[in-house]
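# What the coordinates show
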Amino acid sequence: MPPKKKTHEVTLALEAGNAAMVDLGKMLGPTGANMRAVKVEYDEATAKNRGEIIPVIVSVYEDRSHTLAYKTPPTSFLIRKSLGIQSGAANPLTTTVGTLSAQQVKEIAERKLVDLNANDLDAAIKIVSGTARSMGVKVAS
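Conventions adopted
Residues numbered from 1 in each chain as written. Predicted model: local features only at pLDDT ≥ 70, side-chain atom pairs only at ≥ 80, totals over all residues. Heavy atoms only, no water. UniProt positions renumbered as here; feature names shortened; annotations may be inferred. Helix = DSSP H or I, 4+ residues; strand = E, 2+ residues; numbered from the N terminus. Core = buried A, V, L, I, M, F, W, Y, C linked by side-chain atoms within 4.5 Å. Buried < 20%, exposed > 50% of the residue type's maximum accessible area, 1.4 Å probe, protein only. Contact = heavy atoms within 4.5 Å. Axes fitted to C-alpha atoms, helices over the stretch in contact; angles between N-to-C directions. Parallel < 35°, antiparallel > 145°, perpendicular 65-115°, else oblique. Left-handed = near helix turned anticlockwise from the far one by under 90°. Nonpolar A, V, L, I, M, F, W, Y, C, P; charged D, E, K, R; others polar. Phe/Tyr/Trp six-rings, centres within 6.5 Å; stacked < 30°, edge-to-face > 60°. Lys NZ or Arg CZ within 6 Å of the ring centre and 35° of its normal. Salt bridge = Lys/Arg side-chain N within 4 Å of Asp/Glu carboxyl O.

## Digging into the UniProt feature "domain: Large ribosomal subunit protein uL11 C-terminal" (unreviewed entry) in the protein chain
Cross-referencing UniProt, the feature "domain: Large ribosomal subunit protein uL11 C-terminal" (unreviewed entry) maps to residues 71-139 in the present numbering. The span residues 71-139 shows a helical share of 49% and a strand share of 9%, and its end C-alpha atoms are spaced 25 Å apart.

## Points about the nonpolar core
In terms of nonpolar packing, the biggest core is built from 15 residues, with Leu12, Leu14, Leu24, Leu28, Tyr42, Val56 and Val58 touching the most fellow members. The set of elements that each furnish at least two residues to this core consists of β1 (6-15), α1 (21-28), α2 (35-46) and β2 (53-61). The element contributing the most residues to this core is β2, with four residues. Not counting residues within four places of it along the chain, the set of residues in contact with Leu28 comprises Val10, Leu12, Ala33, Met35, Val38 and Val58. Among the nonpolar cores identified, the runner-up in size contains 14 residues, and Phe77, Leu100, Ala132 and Val137 belong to it.

## Let's talk about unusual backbone geometry
In the Ramachandran plot, Arg64 falls in the positive-phi region, its phi being about 70° despite a non-glycine side chain. Here Arg64 is to be found in the loop between β2 and β3 (66-70). Judged by relative accessible area, which is 57%, Arg64 ranks as exposed.

## A few points about the packing of helix α4 (residues 102-112) against helix α5 (residues 121-134)
Each pair of packed helices can be described by the angle between their axes along with the distance between the axes. At a closest axis distance of 8 Å, the pairing of α4 and α5 adopts a crossing angle of 110°. Here α5 runs roughly perpendicular to α4, going by the angle between their axes. Every pair of crossing elements has a handedness; the one defined by α4 and α5 is right-handed. Residues Val105, Lys106, Ile108, Ala109 and Glu110 of α4 form the contact with α5, whose participating residues are Leu121, Ala124, Ile125, Val128 and Ser129. A per-class count over the contact of α4 with α5 returns seven nonpolar, one polar and two charged.

## Side note on the packing of aromatic side chains
Scanning the entire structure with this criterion turns up one aromatic pair. For the pair Tyr42 and Tyr70, a centre-to-centre distance of 6.1 Å together with 35° between the ring planes defines the contact as tilted. Of this pair, Tyr42 sits in helix α2 while Tyr70 sits in strand β3, and the two are 28 residues apart along the sequence. Between the NZ or CZ atom of Lys4 and the centre of the ring of Tyr61, over which it lies, the distance is 5.5 Å.

## Considering the pattern of salt bridges
Going through the model one piece at a time under the given rule, you end up with four salt bridges. Between Glu9 and Lys6 there is a salt bridge, with the nearest N and O atoms lying 2.8 Å from each other. Close ionic contact of Lys81 with Glu52 constitutes a salt bridge, the shortest N to O distance being 2.6 Å. Taken together, the residues span a long stretch of sequence, with Lys81 in helix α3 (residues 75-83) and Glu52 in the loop between α2 and β2 at a distance of 29 residues. A relative accessible area of 47% means that Lys81 is categorised as partly exposed. When salt bridges that share partners are traced, they join Glu52, Lys81 and Arg111 into one network.

Spelled out as structure tokens, the structure:
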């Protein structure tokens, strides 16, 4: 059997275990994919991470079937979660909203390593540190 032809590929950032049909409808409506099936599959796969934002790539094929590829949560979300803050600084050059310990940065980097453009943990730590600085978060050395 020849491989199916992909007609659409959509990236969504949804709440784990509780995907909103409104968000799914906006992005998947024009593709003709079965939104209910996508929601059920996504919610089952991400139920253990409830409360986090888990990005997913939805590939829709010409027969309207779909596949889901899951990513790790955004780095900024993981930083905010570890510090317990709602958002980063409005002006990161002059305002500091918190401080991440070296251990916290390492844990975030280990979790994000599969999705980052980094070859090793040290490079991933540098990427996470840069994201933190751009949010107005100090990184303890």
